[in-house]
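# Close look at the chain arrangement
One-letter residues, chain by chain:
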Amino acid sequence: MELSPICKKEYPALRALYHSAFPAAERMPLSRFFALQKKGQAEILVLRTGGAFAGLMIVTFAPGYALLNYFAVEPDCRSMGLGSRALPVLQQRYPNRQVVLEVEPPDHTAPNARQRQRRLDFYAKNGFLPCNLPVRLCGVELDVLTPGGQALDFAAYQGFYRPIFGRLAPLFVQKRQ
């Protein structure tokens, strides 16, 4: 398994997986991440197996942190341990940054309740635990996970989204009670 920056020839595969893996309400325009990447504020990474596109990771940066905004594995490559192998490689890629990620909170009444729980279980198995920072991002409720559930300050979390939303970040990124 290889994790490295995207090549131009992989753009169609990235777009297809991005649109199939994430609901429209949770997707930000990919063009925004490409623009942030040019400024050094984000990185669009590709997982490859045998040289072939197998998944994506889109990461944005704040001082001392790397937020894994999006992580998806191609359907044909799932349940092969690729995701579990990719997370430590991602952490090694950013030795001076704490890797942070977001998930939908558990809700047994949600239509995707099983998927939410499986996702939480996957991340827990890989050392990422809730850090007691419930947030609302563009109206979507999320829980923030960090390695071992290490504390994360809300201001630092909001910092991930300043390059995306500018001074309007407080309108789109809020702390839930």
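In what follows, the structure referred to is the one given above.
Conventions adopted
Residues numbered from 1 in each chain as written. Predicted model: local features only at pLDDT ≥ 70, side-chain atom pairs only at ≥ 80, totals over all residues. Heavy atoms only, no water. Pairing = 2+ DSSP bridges. Helix = DSSP H or I, 4+ residues; strand = E, 2+ residues; numbered from the N terminus. Axes fitted to C-alpha atoms, helices over the stretch in contact; angles between N-to-C directions. Contact = heavy atoms within 4.5 Å. Buried < 20%, exposed > 50% of the residue type's maximum accessible area, 1.4 Å probe, protein only. Right-handed = clockwise from strand over helix to strand, strands pointing away.

Read from one edge to the other, the open sheet built from eight strands follows the order E1-E2-E3-E4-E5-E7-E6-E8, with strand pairing classed as mixed. One side of each edge strand has no neighbouring strand; the edge strands of this open sheet are strand E1 (2–5) and strand E8 (173–175). Averaged over all pairs of adjacent strands, the angle between strand axes in this sheet comes to 35 degrees, irrespective of strand direction. Packing against the sheet, helix H1 (residues 11–21) makes contact with strand E2 (42–49), strand E3 (52–62) and strand E4 (65–73), and its axis sits at approximately 75 degrees to E3. Across the sheet, helix H4 (residues 113–125) is in contact with E4, strand E5 (98–103), strand E6 (128–137) and strand E7 (140–147); its angle to E5 comes to roughly 165 degrees.

Before going further, it helps to spend a moment on the pairing of E4. Counting buried positions along E4 gives nine out of nine residues, so the element sits mostly inside the fold. Two elements, E3 and E4, share eight bridges in a ladder whose sense is antiparallel. Within E4, the position partnered with Met57 by the bridge is Phe71. Count of turn residues in the E3/E4 antiparallel hairpin: two residues, of which Gly64 carries a positive phi of about 80 degrees. Once the chain exits E4 it traverses helix H3 (residues 82–93) before rejoining the sheet at E5, and the crossover so formed is right-handed.

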